[in-house]
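So the chains spell out like this:
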Amino acid sequence: MPLGVYIHIPFCLKRCPYCSFFSVVSTDKTVFTRYYDALIREIERFPSPVEVDTIYFGGGTPSIFPVEFLSNILTAVSSHLKVLPGAEITLEANPHTLDKQSLRLLLSSGFNRISIGAQSFSDRVLSILGRLHSADEAEESFFMAREAGFDNISLDIIYGIQTQTTDELLLTLDKVISLSPEHISTYALTLEEGCVNGLCVAPPEESRRMYHRIVRSLGDVGYSHYEVSNFAREGFFSRHNLKYWSQEEYIGFGASASSHLSGKRWKNPADIESYIAGCPPVVDTLSKEKMKDEFFLLRLRKTDGFSANEFEQFFREDIADFLAIPRIQELVDSGYLAFEGGRLFIPAEHLFVSDEIIVEVMSSFSLT
Ligand code: SF4
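Residues numbered from 1 in each chain as written. Predicted model: local features only at pLDDT ≥ 70, side-chain atom pairs only at ≥ 80, totals over all residues. Heavy atoms only, no water.

**A short note on the site of the ligand**
Selection rule: Any residue with a non-hydrogen atom lying within 4 Å of a molecule or strand is treated as near it. Each residue gets one label: Ala, Val, Leu, Ile, Met, Phe, Trp, Tyr, Cys and Pro are nonpolar, Asp, Glu, Lys and Arg are charged, and the others, such as Gly, are polar.
For the ligand, the full set of nearby residues is C12, K14, R15, C16, Y18, C19, G60, T61, N94 and R131. Considered class by class, the residues forming the shell around the ligand number four nonpolar, three polar and three charged.

**Focus: the packing of aromatic side chains**
Cut-off, in case you're wondering: Note on aromatic contacts: the rings of Phe and Tyr and the six-membered ring of Trp form a pair at centre separations within 6.5 Å, being stacked when their planes are under 30 degrees apart, edge-to-face when over 60 apart, and tilted otherwise. The helix and strand labels rest on DSSP assignments: H or I over at least four residues marks a helix, E over at least two residues marks a strand, and numbering proceeds from the N terminus. Type-normalised accessible area, obtained with a 1.4 Å probe on protein chains alone, sets the label of each residue: buried when under 20%, exposed when over 50%, and partly exposed for intermediate values. Note on geometry: a ring has a charge over it if NZ (lysine) or CZ (arginine) is within 6 Å of the ring centre and within 35 degrees of the ring normal.
This structure, assessed with the given rule, holds 33 aromatic pairs. Ring centres 5.2 Å apart and planes at 85° place the aromatic pair F322 and F365 in the edge-to-face group. Of the two residues, F322 sits in helix α12 (residues 319-323) while F365 sits in helix α14 (residues 354-366), which places them 43 residues apart along the sequence. F365 matches F322 in its accessibility class, with the two residues each being buried. Among the aromatic residues, ring-to-ring pairing joins F295, F296, F306, F311, F314, F315, F322 and F365 into one connected group. Between the NZ or CZ atom of R233 and the centre of the ring of Y223, over which it lies, the distance is 3.9 Å. The ring of F365 has K292 lying over it, and the distance from NZ or CZ to the ring centre is 4.8 Å.

**A look at the domain arrangement of the protein chain**
The criterion, for reference: Domain limits in this description derive from either an automatic procedure or a database domain assignment. Residue contacts follow a heavy-atom distance rule, with two residues in contact if any of their heavy atoms lie within 4.5 Å. We define buried area as the total accessible area lost by two parts upon association, computed with a 1.4 Å probe and summed across both. Definition used for salt bridges: Asp or Glu carboxyl oxygen within 4 Å of a side-chain nitrogen of Lys or Arg. Any pair of nitrogen or oxygen atoms within 3.5 Å is treated as a polar contact; in protein, a donor-acceptor pairing is required on top of that, and neighbouring residues in sequence qualify only through side-chain atoms on both sides.
By the assigned domains, the protein chain splits into domain 1 (3-243) and domain 2 (287-368). On a C-alpha basis, the centres of domain 1 and domain 2 stand 29 Å from each other. Taken together, the contact pairs twelve residues of domain 1 with nine residues of domain 2. Across the domain 1 to domain 2 interface the summed buried area is about 900 Å²; carbon plus sulfur atoms make up 61%. On the surface where domain 1 and domain 2 come into contact, there are one salt bridge. Residue R301 is joined to E227 by a salt bridge in which the shortest nitrogen-to-oxygen separation is 2.5 Å. Connecting domain 1 to domain 2 are four residue pairs in polar contact (both at pLDDT 80 or more).

Here's what the structure looks like:
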């Protein structure tokens, strides 16, 4: 099966208070060049010319990197690995960092999908989130990407902020729907301490209400809800992210990037200078127990869960025995899990508490 390639660009114009991704604030051209050289070295060192059908540039803010660097990295991947025709090639971008010319260059370099971190179309919410862009800039960047020729655009939005009003959420949803992107990712704000720099997470009941509002509104206008937080028009599901949720293989290049290949996992150092110096990745040998947990942790995020076949091939066990585990049976009887058409999944009305349900499934199965 072809692999996914992930490229991490760990630079941002400003750190957002809620962010847990590895990135540093920098626009230093010398650092960018040294990091770019290290990335090219890592790609060229990769031992075998494997087949690839998705490439995802994430961060950080990949769109603050010079377009010529992004384009050359893509060329290095294409000349060193076998990128299949029709591969999905995504760039994450922040509204503040896009302009017409660079969007056109990105498209002509081979990028065919852009994921814009709009987060909200309320200026007040954007300011609470500490974002550098305004709602107008987010809208403008969407139009620029369309005009440049991108016909596969994703928008990210955040909900579950303590002072966020229903009107602010509805304003954002109306705007997103009117722009009609092919894909929408919606993330509940999460903060370890619940609050940071005046930004606080809404009470769970409020977040749940917002989540269901989002699910209803996007469903009403024809978006498929295909993963807990992701919605898309038919044919525009994120092929790259589906690989993660289906435990498929991928290679990550760049600081903090992870790889999963031939039963092995490794993760590059989450430090720019160590990465540039060529410090080796940390290898993680996957225990059977961890693989087993991941099967549920990842696949039950998808709204169609997993098939009896997938389960039986993975565990070499009959799914009927799994469904007969008393706690699993209880979860099915109470509607937190459904087994229909040979697939086990979490019904839409309970996806908001999918994490809790998955923990129950994992612990019930490990007890048997
Ligand atoms: S711009 Fe994105 S990656 Fe950078 S700090 Fe903000 S949320 Fe994190």
